[in-house]
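One letter stands for each residue in the lines below.
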Amino acid sequence: MEREPIKYEDISRLYYRLFRTMGILPSSSSRRTTLLRVYFHVTIVLYYSMSMFDGLRMLGHNDIEIEYVFEEVVIHGICARFLILSCRREELAELLLSCEKLWRMLKPGEDRVVKSYEKIARYLAHYITWTTLVAIFFYIVAARIVKLPPAEVNGTERRMLPFRFYVDVQRQPWYDIVTVLEIVVVLNIAMIVSTIETTGPFLITMACGYLRSIRNRLLAIADEAEGRGEISRLSTIRVVSCVKFHQKIMRSQLLPGHREAHEQRAPRPGRVHGLQHLARRIQDTEERPQRRQVRAVTTLEPAAVVHCSVDSRASSQREQGDS
């Protein structure tokens, strides 16, 4: 019973949904995409500024917490990677389109090989998402349980916000409003973290799956040639197709600027890719018997000419003697 082929949309649905939600990839409406992009940029600015203002306040009191330094390293990394991903969204869209084109070129059964590699990135995406949500949940619960000491003598205990904010808020209803605002911002940050942390692994695992399919093709060709004891012309054609598929994989993983430079760069003498070298060796092996035959004919040709000339001379002398 033949298995149904796996569709590219089935394995890329999670990543495309994240990209479209954040406005990195275009959705059904260009206006909606722009609004989503602006919304998440505002979210990242709020998240960054809330932490920075709290740090400036601590710096003014000359009281910097050591955990704040580590938090800032993580926050700067999240903001920087999000901005890079947003600025280079066209190149990301081109890479995703190349992955889809390569998926269409797979042979039956190879889609499951690629999917086995893609599962690693999917598990990573689920792991990062759930761990981030659990951490946010504990921050919210801790803010409800933990109380700060009073700021004045004989004062009341103060409530703590779940996350850092511009100012200390204690009065109602502003405390609840700020708490809801922080939760919304941090949930959006959780989505951003899941996206930026899994974009690279998704592309890497897809490329590994495609390269694995090429390896399986070459091993199948080698086993077939070993069983026959010779390399047929069909095997050569199949190896050349593997070379072309490999070149398309490598070109698809290059960014547009690097791709143009790679195509314009002249190949160095003696620098041949491994698969191309293998294809040339197979062609040489196939053409070697023909070359030997031609060489043998070329070697025997002068002797045959000499033999024919001696026979012609002897026959002419006999004819002259008879006459």
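This structure is a prediction, so every number in the text was calculated from the model and none was measured. (Residues numbered from 1 in each chain as written. Predicted model: local features only at pLDDT ≥ 70, side-chain atom pairs only at ≥ 80, totals over all residues. Heavy atoms only, no water.)

Engineer: Is there a simple way to explain the nonpolar core in this structure?
Structural biologist: Soluble globular proteins: nonpolar side chains tend toward being buried together. Core analysis: the largest hydrophobic core is formed by 49 residues, its most contacted members being Tyr8, Leu96, Trp103, Ile192, Phe202, Met206 and Tyr210. Ranked by residue count, the leading element in this core is helix H6 (residues 174-228), at 14 residues. With sequence-adjacent residues up to four places away left out, Met206 is seen in contact with Tyr8, Ile11, Cys99, Trp103, Val114 and Glu118. (Core = buried A, V, L, I, M, F, W, Y, C linked by side-chain atoms within 4.5 Å. Buried < 20%, exposed > 50% of the residue type's maximum accessible area, 1.4 Å probe, protein only. Helix = DSSP H or I, 4+ residues; strand = E, 2+ residues; numbered from the N terminus. Contact = heavy atoms within 4.5 Å.)

Engineer: Please explain unusual backbone geometry as it appears in this structure.
Structural biologist: Glycine aside, negative phi is the norm for most residues, and most peptide bonds take the trans geometry. That bond from Gln172 to Pro173 is cis: its omega, 0°, falls within 30 degrees of zero. Following the sequence through the fold, Pro173 ends up in the loop between strand S2 (158-159) and H6.

Engineer: What should I look at first to understand the environment of Ile11 in this one?
Structural biologist: Inspection of the secondary structure puts Ile11 in helix H1 (residues 8-21). Overall, the relative accessible area of 2% leaves Ile11 in the buried class. Considered as a pair, Ile11 and Arg122 are 111 residues apart in the sequence and their alpha carbons are 8.6 Å apart. Ignoring anything within four residues of it in the chain, the contact list for Ile11 reads Ile6, Trp103, Lys115, Glu118, Arg122, Phe202 and Met206.

Engineer: Just checking my understanding: could you explain the packing of aromatic side chains for this structure?
Structural biologist: Think of a pair of aromatic rings as described by two things: how far the centres are apart, and how the planes are tilted against each other in angle. This structure, assessed with the given rule, holds nine aromatic pairs. Ring geometry for Tyr8 and Trp103: centres 6.1 Å apart, planes at 55°, overall tilted. Highlighted residues: Tyr8 in helix H1 and Trp103 in helix H4 (residues 89-104), separated in sequence by 95 residues. For Trp103, a relative accessible area of 6% corresponds to the buried category. A centroid spacing of 5.0 Å and a plane angle of 65° characterise the contact between Phe165 and Tyr166, whose relative ring orientation is edge-to-face. (Phe/Tyr/Trp six-rings, centres within 6.5 Å; stacked < 30°, edge-to-face > 60°.)

Engineer: Please explain the UniProt feature "transmembrane region" (unreviewed entry) in the protein as it appears in this structure.
Structural biologist: UniProt marks residues 124-146 and 183-211 with the feature "transmembrane region" (unreviewed entry), using the numbering shown here. The span residues 124-146 is 96% helix and 0% strand, and its two end C-alpha atoms sit 32 Å from each other. (UniProt positions renumbered as here; feature names shortened; annotations may be inferred.)

Engineer: Would you mind showing me how to read the side chain of Thr205 here?
Structural biologist: Mapping Thr205 onto the fold places it in helix H6. By relative accessible area, which is 9% here, Thr205 ends up buried. With residues near it in sequence (within four places) discarded, Thr205 still touches Tyr117, Glu118, Ile120 and Ala121.

Engineer: Help me understand the pattern of salt bridges in this model?
Structural biologist: Under the counting rule described, the total for this entry stands at ten salt bridges. Between Arg88 and Glu91 there is a salt bridge, with the nearest N and O atoms lying 2.8 Å from each other. The class for Glu91 is partly exposed, based on a relative accessible area of 23%. Overlapping salt bridges bring together Glu9, Glu100 and Arg104 as one network. (Salt bridge = Lys/Arg side-chain N within 4 Å of Asp/Glu carboxyl O.)

Engineer: Can you help me understand the layout of surface pockets in this one?
Structural biologist: In this approach the atoms are scanned with a rolling probe the size of a water molecule, which exposes any empty space left behind. The space that makes up the largest pocket amounts to roughly 1,200 Å³. Lining the largest pocket we find 36 residues, and of these Glu71, Tyr139, Pro162, Phe163 and Arg164 sit closest to its centre. Elements supplying a minimum of two residues to the lining of the largest pocket: helix H2 (30-60), helix H3 (66-87), helix H5 (110-145), S2 and H6. Looking at side-chain class alone, the lining of the largest pocket contains 21 nonpolar, three polar and twelve charged residues. (1 Å grid on protein atoms, 1.4 Å probe; cavity = no way out; pocket = protein on both sides within 12 Å on 5 of 7 lines; lining within 4 Å. Points joined across faces, edges and corners; volume = space filled by probe spheres on them. Nonpolar A, V, L, I, M, F, W, Y, C, P; charged D, E, K, R; others polar.)

Engineer: Please explain the packing of H2 against H3 as it appears in this structure.
Structural biologist: Packed helices, taken two at a time, are described by the angle their axes make and the gap between the axes. Following both chains from N to C, one finds H2 and H3 inclined at 155°, their axes separated by 11 Å at the closest point. In terms of orientation, H2 and H3 fall into the roughly antiparallel class. At the point where H2 passes H3, the crossing takes the left-handed sense. Contacts from Arg37, Phe40, His41, Ile44, Tyr47, Tyr48, Ser51, Met52, Gly55 and Met58 of H2 reach H3 at Tyr68, Glu72, Ile75, His76, Ile78, Cys79, Phe82, Leu83 and Ser86. Here the residues of the contact of H2 with H3 are counted per class, giving twelve nonpolar, five polar and two charged. (Axes fitted to C-alpha atoms, helices over the stretch in contact; angles between N-to-C directions. Parallel < 35°, antiparallel > 145°, perpendicular 65-115°, else oblique. Left-handed = near helix turned anticlockwise from the far one by under 90°.)

Engineer: Honestly, the confidence of the model for the protein in this entry has me stumped. Any pointers?
Structural biologist: Keep in mind that low pLDDT regions are not for reading the predicted coordinates in detail. Looking at the protein as a whole, the pLDDT averages 77, with 74% of positions reaching at least 70. Of all secondary-structure elements in the protein, the lowest mean pLDDT belongs to helix H9 (residues 274-322), at 44, while H5 reaches the highest, 91. Here residues 266-275 is modelled with pLDDT under 50, and outside its nearest four sequence neighbours on either side it reaches eight contacts, counting other chains as well. (pLDDT = per-residue confidence, 0-100.)

Engineer: Before we go on, may I ask you to explain a nonpolar patch on the surface in this structure?
Structural biologist: The grouping of Leu56, Leu59, Ile64, Ile66, Val69, Phe70 and Val73 at the surface amounts to a nonpolar patch, some 710 Å² of accessible area in total. Those elements that place two or more of their residues in the nonpolar patch are H2 and H3. Per element, the largest residue contribution to the nonpolar patch is four residues, and it comes from H3. Along the chain, the position of Ile66 falls in helix H3. The class of Ile66 is exposed, set by a relative accessible area of 57%. (Patch = residues over 30% accessible without salt bridge, like charges linked within 9 Å, V, L, I, M, F, W, Y side chains within 5 Å. Areas by Shrake-Rupley, 256 points an atom, 1.4 Å probe, with all protein chains shown as cover.)

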